[in-house]
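Examination of the molecular architecture
So you can see what is in the structure, the chains are spelled out below.
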Amino acid sequence: MTELSVDVRVQVARWRNLLVDAARCGSLASPLAALSHPHWEPLELQALWWLRAESLLPVGVLATRLGGLAMPRLSRLVDRLEDGGLVRRERSVGHDRRRVRVRLTEAGHALTDELNAQVQERMAKLLSPLQGETRSALMDILELWVQALTVQARTAEEVSEENAELASVPDELLRASAA
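Here we look at the packing of helix 2 (residues 42-54) against helix 4 (residues 71-83)
For the pair helix 2 and helix 4, the least separation of the axes is 10 Å and the interaxial angle reads 80°. For the element pair helix 2 / helix 4, the angle class is roughly perpendicular. Contact residues: helix 2 offers L43, E44, A47 and L48, while helix 4 offers R73, L77, R80 and L81. The residue makeup of the contact of helix 2 with helix 4, split by class, is five nonpolar, no polar and three charged.

What follows is the structure, given as structure tokens:
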């Protein structure tokens, strides 16, 4: 683990305690976990919700959004949704035809309209104990946090890409450029 300042350690401990307390109140579960439908399983509904949120997802990204779902299980899940007319698979026409992405169909969009109403209701219940200004302050802080996480993720992605580029350069060229 990295070296953390005392201030960060205190904040982490506070956050941990807040998460535990929120869980005790039944408020830590994802609003997506409460999705229900008479025909579709909760994980299938969560997949649909993510597709609505992001429009078009590579299957690997969808697996990640669903908590790191194993690819064979994800393939079966997408098969069921595709057989139900809710999604369609699309192959990349560009660089790699093996890359498969998933998109909602019109029927999938209609179902996700219903799902989104359930998610909004759950989120409204989670926010209801807070008053207007406090609720707005929470949203402002969460937006700042997501912006910082986005910058951090981009930076990590750029470093990873640079490392991949360096790894593809022959050793002879690296030695020559260092000389």
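Notes on the sheet that holds strand 1 (residues 56-58)
What the three strands build is an open sheet, ordered 1-3-2; its pairing is antiparallel. Here the strands that pair on one side only, and so sit at the sheet edges, are strand 1 and strand 2 (87-91). The mean angle between the axes of side-by-side strands here comes to 30°, regardless of whether they run parallel or antiparallel. With five bridges joining them, strand 2 and strand 3 (residues 100-104) adopt antiparallel strand pairing. Bridge pairing links E90 to R101 in strand 3. The sheet contacts of helix 2 involve strand 1, strand 2 and strand 3, and relative to strand 1 the element is tilted by about 115°.

Examining the nonpolar core
Ranked by size, the top nonpolar core spans 27 residues in total, and within it L48, L74, L77, L81 and V87 carry the most contacts. Of all the secondary structure elements, the ones that give two or more residues to this core are helix 2, helix 3 (59-65), helix 4, strand 3 and helix 5 (106-127). Looking at which element gives the most residues to this core, the answer is helix 2, with six residues. Ignoring sequence-local partners within four residues, the contact set of L48 consists of L81, L86, V87, L104, L111, T112 and L115.

A closer look at the layout of surface pockets
Put simply, the largest pocket is a space of about 1400 Å³. Around the largest pocket, the lining is made up of 26 residues, and of these S27, L28, L138, L142 and W145 lie nearest the centre. Going through the elements one at a time, helix 1 (6-24), helix 2, helix 5 and helix 6 (132-168) are the ones with two or more residues in the lining of the largest pocket. Per-element tally for the lining of the largest pocket: the top contributor is helix 6, with six residues.

Analysis parameters
- Residues numbered from 1 in each chain as written.
- Predicted model: local features only at pLDDT ≥ 70, side-chain atom pairs only at ≥ 80, totals over all residues.
- Heavy atoms only, no water.
- Axes fitted to C-alpha atoms, helices over the stretch in contact; angles between N-to-C directions.
- Helix = DSSP H or I, 4+ residues; strand = E, 2+ residues; numbered from the N terminus.
- Parallel < 35°, antiparallel > 145°, perpendicular 65-115°, else oblique.
- Contact = heavy atoms within 4.5 Å.
- Nonpolar A, V, L, I, M, F, W, Y, C, P; charged D, E, K, R; others polar.
- Pairing = 2+ DSSP bridges.
- Core = buried A, V, L, I, M, F, W, Y, C linked by side-chain atoms within 4.5 Å.
- Buried < 20%, exposed > 50% of the residue type's maximum accessible area, 1.4 Å probe, protein only.
- 1 Å grid on protein atoms, 1.4 Å probe; cavity = no way out; pocket = protein on both sides within 12 Å on 5 of 7 lines; lining within 4 Å.
- Points joined across faces, edges and corners; volume = space filled by probe spheres on them.

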